[in-house]
Amino acid sequence: MSMSNALQGKIVDNLLYPQNTAQQQGVMKRKLSQFSFHKSDVSKRKCTSREQGTNPCKSLELKKRSAILSSKSSLLMELNTIPRVKENDLTQGNVLGNGAQGLTYTGTLAQGSTCTPVIIKQLHFPNNDNILNEAKVLLDINGAGGAPLLFGITQEKPFRLVMSHCPGDTLQCYLNNNTPHDCLQAFIKLCAAVEEIHKKGYVHQDLHTENIIVEETSSNFIIHIIDMGYAKFITKGFFDEAKSDYKKLLDHAKEIAQSLDSSTKYATFKSIVEEETNTGESVKRLVEAAKKSCVECITPPPEAAALEDVKGELCRVHHTIS
């Protein structure tokens, strides 16, 4: 349907001169909106009437549809590879954490005659894509870096993530309550844990202290890197994509360096932390050098070790003579 010039002019006149009644103005506005829709419809018809090979509108629309279908297909394929957890087997407990993305709860998962402690993650704004992405990462890395093991996602939407519980204190709490020697050891193990995740082809991208758990055992401790919500598969240059992880490691190294005293055994570690920059390969070199410096700080130099051996031998001889 088209609109005559006379009718268009009448509508414009009535809009410009408000002496018309409210009822007339309402009718005219409705006609004007019909005309606007009609113009849009004509524009669409003109666009779709061009040859497909040179039609930018058609090409863009097809690309969008193709991307949506591809995304849905990929989502379904990923969903089929991820284990599912029955709602009846899951018991949700207390809130453990409240982060930017969602809530985590303690819970138990019934597995035959046993109940396994688990962590349940639920997003603030249900987004099945995000839950599926994190589940896929956990499935792929399979505990690398001390990450939680995936039990699965719940069967009903919105999906919830069910994973193993990683006990311990956050890195910040550990650094605040332990000796410099222990902090340096924790840093070495943290670097090794991040490297494990990188070797699996992923970058974490959110290595703040709350996402690093230190579990103390009777003889040692274990680093757990948790919350893979922002983790992504490495597709481009490794150093460019891993830069955020190395930057966070540098931040943790700086915090440890501030707590160290001025003795010479910490001098190398401090100088490396202060001199290196935060970008690309330099961050990688910093982390490797800092790890080496930590080992040097913890392991006594050869001269000191030899002196201790001599002292031990003298004590043994003295005991034998006595």
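This text follows the structure it describes.
Residues numbered from 1 in each chain as written. Predicted model: local features only at pLDDT ≥ 70, side-chain atom pairs only at ≥ 80, totals over all residues. Heavy atoms only, no water.

A. View of the nonpolar core. The biggest cluster of nonpolar side chains holds 56 residues, and the ones touching the most others in it are I225, M228 and F269. For this core, the leading source of residues is helix α6 (residues 180-199), giving ten residues. Not counting residues within four places of it along the chain, the set of residues in contact with I225 comprises G145, G146, A147, P148, L190, A193, V194, I197, H204, L207 and N211. The next biggest cluster of nonpolar side chains, apart from the first, holds seven residues, and it includes L90, Y105, L109 and I120. (Core = buried A, V, L, I, M, F, W, Y, C linked by side-chain atoms within 4.5 Å. Buried < 20%, exposed > 50% of the residue type's maximum accessible area, 1.4 Å probe, protein only. Helix = DSSP H or I, 4+ residues; strand = E, 2+ residues; numbered from the N terminus. Contact = heavy atoms within 4.5 Å.)

B. Inspection of helix α4 (residues 128-141) at higher detail. With 14 residues, α4 extends 20 Å between its outermost C-alpha atoms, agreeing within 8% with the 20 Å of an ideal straight helix rising 1.5 Å per residue. Among the residues of α4, I131, L132, E134, A135, V137, L138 and I141 are the ones counted as buried. With its phi angle positive at about 50°, N142 sits one or two positions after the end of α4. (Expected span 1.5 Å × (residues − 1).)

C. Representation of the pattern of salt bridges within the structure. In this structure the tally under the stated criterion is seven salt bridges. A salt bridge links E87 to R160; its shortest N-O distance comes to 2.6 Å. Pair noted here: E87 is in the loop between β1 (84-85) and β2 (90-98) and R160 is in the loop between β5 (150-154) and β6 (161-164), with a separation of 73 residues, a long-range link. R160 gets classed as buried once you look at its relative accessible area, which sits at 15%. Among the ionic pairs, K247 bridges to D251, the shortest N-O distance being 2.9 Å. With K247 and D251 both in helix α7 (residues 238-259), this residue pair falls four residues apart, about one helical turn. (Salt bridge = Lys/Arg side-chain N within 4 Å of Asp/Glu carboxyl O.)

D. The packing of α6 against α7, seen in detail. Taken N-terminus to C-terminus, the directions of α6 and α7 make an angle of 175°; their axes are 10 Å apart at the nearest point. With respect to α7, the element α6 is oriented roughly antiparallel. Seen from α6, the contacting residues are P180, C183, L184, F187, L190, C191, V194 and H198; seen from α7, they are F238, A242, D245, Y246, L249, H252, A253, I256 and S259. Of the residues belonging to the contact of α6 with α7, the class tally is 13 nonpolar, three polar and one charged. (Axes fitted to C-alpha atoms, helices over the stretch in contact; angles between N-to-C directions. Parallel < 35°, antiparallel > 145°, perpendicular 65-115°, else oblique. Nonpolar A, V, L, I, M, F, W, Y, C, P; charged D, E, K, R; others polar.)

E. A look at the side chain of N211. In this fold, N211 is placed in the loop between β8 (202-203) and β9 (212-216). Engagement of the side chain of N211 in a polar contact is seen with the backbone oxygen of D206, the distance being 2.9 Å. Once you skip the residues sitting within four places of it in the chain, N211 turns out to touch H204, D206, H224, I225, I226 and D227. (Polar contact = N/O pair within 3.5 Å; in protein donor to acceptor, adjacent residues only side chain to side chain.)

Without other data, these values stay purely geometric and don't point to any function.
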